[in-house]
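Summary of structural features
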Amino acid sequence: MKRSWSIALSLILVMARTHGGQDNAPEPRPQALPVYTFAELLAKAERIVVADVGQTKDGVATLVVRETLKAPENDAKYMEPERLKRAADLLSNDKLDLPPLPPRPQAPASVRAVIEGARLPPEGTQAIFFLWDKVGGASGQEQAYRVAHPQCLYDMEVVAQVRAAIARPRSVADGRYLREWDRDMAARARARQANEALLKAKGGDVVMGLRIVAAGPMLSLRGDNSFSVTARIENTRSREQAIYDGPMGGYGVLLRPKGAQPGAGIVLHKPVSTLGADTAVLGIADLIDFATVKGSGVLTKELFFDAKECPVLRGLEGEHTVSAFFSTTQDGRGLDLGAPVWTGTLVSEEVPLQFQKSGRAEAKP
């Protein structure tokens, strides 16, 4: 496993854990639509309008445009035929008293919205529409766009932000999202991607001198498939290394049915106990948040996964395997730790575990 891949995966995992507990956040659509940052959304939208939702018929709504915040730019290399003719007449001096040019096309007073998988607010509601998926069939000045993405529609409360960003695009080039819902969708999408990468990772690899081993799975006496496993981080080098061991954790397990296809399985992250503190505050590393793994030494963590916190455990049945993983991007920058700080992602080899349909589970010897 290369260090660059390991660090990239660990960054995704840390960001995913930060938002992973927000069970009430909107889920991304099943089609795994991309989630755009504010800057990407501004660049992607061909037309941004403030409009009233008009009548909807056969899945097509009329948007009565009240204000156009962004419209397609004219091609600087394109010259309208009337203006070319006027320029030629002026150069030839044949006609000095030329008729006025016809007015340039105005922004459409209405836009047709072809609704596909999106839900518009009630008729008469005013909203901001980001439109980019143009469809044919429009007549006259009326334009038609497909509204099939959650980020096509925003409440009026963000109109000031949109106006300011259009005037100064660089001000939103820092990766922010226009609303909290977008940010949550992006976090959940990153969590899915990180889990998929973990399930495809090869277990047992040594990454920058460290490896992780899963040992001694022990099942709870509750009989609800809760279980514990020991994660051993081993230093294969003779020099000591520092590693994050703070409140944001980084540990978890992969569960797979025996004989499962590559990439299949369940990813369980060890829940972060915040005790009411803000995760942003807990994420600020201190000296006490790091442990030292001595040369050829071991750092041991006992991981317990409670079926009350992980209901998926109750539905498991039959022979499975368990892999432990650890991921961190905490590099201790600015701290005097006295040893190199390890960052990356570790995945262990699999160890067997057997669950029973009754909800009781037994570790396989």
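The structure displayed is predicted, hence computed values, not measured ones.

Moving on to the confidence of the model for the protein chain. This prediction gives the protein chain a mean pLDDT of 82; 75% of its residues lie at or above 70. Predicted confidence is poor over residues 1-30, with pLDDT under 50, and the contacts of this stretch with residues over four places away or in other chains come to 66 contacts.

With that settled, consider the sheet that holds strand β3 (residues 110-115). Reading across from one edge, β5-β3-β2-β1-β4-β6 is the order of the six strands in this open sheet, with mixed pairing throughout. Since the sheet does not close on itself, it has two edges, and those belong to β5 (143-147) and β6 (153-154), each with one partner. Here five bridges tie β3 to β5, and the two strands are oriented parallel to one another. Within β5, the position partnered with Ile115 by the bridge is Val147. Each of β1 (47-57), β2 (60-70) and β4 (126-131) touches helix α4 (residues 159-167); the most contacted strand, β2, lies at about 55 degrees to it.

With eight of its nine residues buried, strand β8 (residues 227-235) lies for the most part within the structure. Relative to β8, strand β7 (residues 210-219) runs antiparallel, the two sharing eight bridges. Its bridge partner being in β8, Leu219 is matched across the sheet by Phe227. In this sheet, strand β13 (residues 298-305) lies alongside β8 in antiparallel orientation, the contact comprising eight bridges. Considered in β13, the bridge of Val229 is made with Leu303.

Following the criterion strictly, the structure yields 15 salt bridges and no others. With a closest N to O distance of 2.8 Å, Glu67 and Arg163 form a salt bridge. On the criterion of sequence distance, the pair formed by Glu67 in strand β2 and Arg163 in helix α4 is long-range, its members being 96 residues apart. According to the relative accessible area criterion, Arg163 is partly exposed, its value standing at 38%. Close ionic contact of Glu116 with Arg146 constitutes a salt bridge, the shortest N to O distance being 3.0 Å. With Glu116 in the loop between β3 and β4 and Arg146 in strand β5, this pair connects stretches of sequence that are 30 residues apart. Exposure remark for Glu116: the relative accessible area of 35% places this residue in the partly exposed category. Among the ionic contacts, a cluster of salt bridges with common partners joins Glu116, Asp133 and Arg146.

Nonpolar side chains tend toward joint burial in soluble globular proteins. Counting residues in hydrophobic clusters, the biggest one holds 34 residues, and the most contacted among them are Ile48, Ile128, Phe129, Phe130, Val162 and Leu178. Among the secondary structure elements, those contributing two or more residues to this core are α2 (38-44), β1, β2, β3, β4, β5, β6 and α4. Counting 31 residues, the second-largest nonpolar core is a separate cluster that includes Ile233, Val253, Leu299 and Val351.

Our focus in this paragraph is helix α5 (residues 180-200). A rise of 1.5 Å per residue sets the reference length of α5, with its 21 residues, at 30 Å; its end C-alpha atoms lie 31 Å apart and thus fit the reference within 8%. Within α5, the full set of buried residues consists of Asp182, Asp184, Met185, Ala186, Ala187, Arg188, Ala189, Arg190, Ala191, Ala194, Leu198 and Leu199.

The next thing to look at is the sheet that holds β8. Spatially, three strands are ordered β7-β8-β13 in an open sheet, and the strand pairing comes out antiparallel. Sheet topology places β7 and β13 at the edges, where each strand pairs with a single neighbour. Pairs of neighbouring strands in the sheet enclose a mean axial angle of 20 degrees, with direction left out of account.

As a further point, take the environment of Leu254. Note on placement: Leu254 falls in strand β10 (residues 251-257). Residue class for Leu254 comes out buried when judged on its relative accessible area of 1%. Once the C-alpha coordinates of Leu254 and Glu350 are considered, the two residues, 96 residues apart in sequence, prove to be 8.6 Å apart. For Leu254, the contacting residues outside a window of four places in its chain are Leu198, Leu199, Ile266, Val267, Thr321, Val322, Ser323, Phe325 and Val347.

With that settled, the discussion passes to the side chain of Asp289. With respect to the helices, strands and loops of the structure, Asp289 is situated in the loop between α6 (279-282) and β12 (290-293). Although Asp289 lies buried, it forms no salt bridge, and the closest oppositely charged side chain, Lys301, sits 10 Å away as judged by the N-O distance. Among residues more than four places away in sequence, those in contact with Asp289 are Ile243, Tyr244, Asp245, Gly246, Pro247 and Ile284.

Geometrically, a pair of aromatic rings is defined through the distance of the ring centres and the angle of the planes. Here the structure, examined in full by the defined rule, presents seven aromatic pairs. With centroids separated by 6.3 Å and ring planes inclined at 70 degrees, the aromatic side chains of Phe227 and Phe355 adopt a geometry described as edge-to-face. Linking Phe227 in strand β8 with Phe355 in strand β17 (residues 351-355), this pair joins segments that are 128 residues apart in sequence. Phe355 carries the same exposure label as Phe227, and that label is buried. Here the aromatic residues Phe227, Phe305 and Phe355 are joined through ring pairs into a cluster of three or more. In this arrangement the basic side chain of Arg179 is found over the ring face of Tyr154, its NZ or CZ atom lying 3.8 Å from the centre.

Moving on, we come to unusual backbone geometry. If you check the backbone angles, Asp58 has positive phi at about 55 degrees while not being a glycine. As for its placement among the helices and strands, Asp58 is situated in the loop between β1 and β2. For Asp58, a relative accessible area of 73% translates into the label exposed. For Met208, which is not a glycine, the phi torsion comes out positive at approximately 50 degrees.

About the thresholds
Residues numbered from 1 in each chain as written. Predicted model: local features only at pLDDT ≥ 70, side-chain atom pairs only at ≥ 80, totals over all residues. Heavy atoms only, no water. pLDDT = per-residue confidence, 0-100. Contact = heavy atoms within 4.5 Å. Pairing = 2+ DSSP bridges. Helix = DSSP H or I, 4+ residues; strand = E, 2+ residues; numbered from the N terminus. Axes fitted to C-alpha atoms, helices over the stretch in contact; angles between N-to-C directions. Buried < 20%, exposed > 50% of the residue type's maximum accessible area, 1.4 Å probe, protein only. Salt bridge = Lys/Arg side-chain N within 4 Å of Asp/Glu carboxyl O. Core = buried A, V, L, I, M, F, W, Y, C linked by side-chain atoms within 4.5 Å. Expected span 1.5 Å × (residues − 1). Lys, Arg positive; Asp, Glu negative; His and termini not counted. Phe/Tyr/Trp six-rings, centres within 6.5 Å; stacked < 30°, edge-to-face > 60°. Lys NZ or Arg CZ within 6 Å of the ring centre and 35° of its normal.

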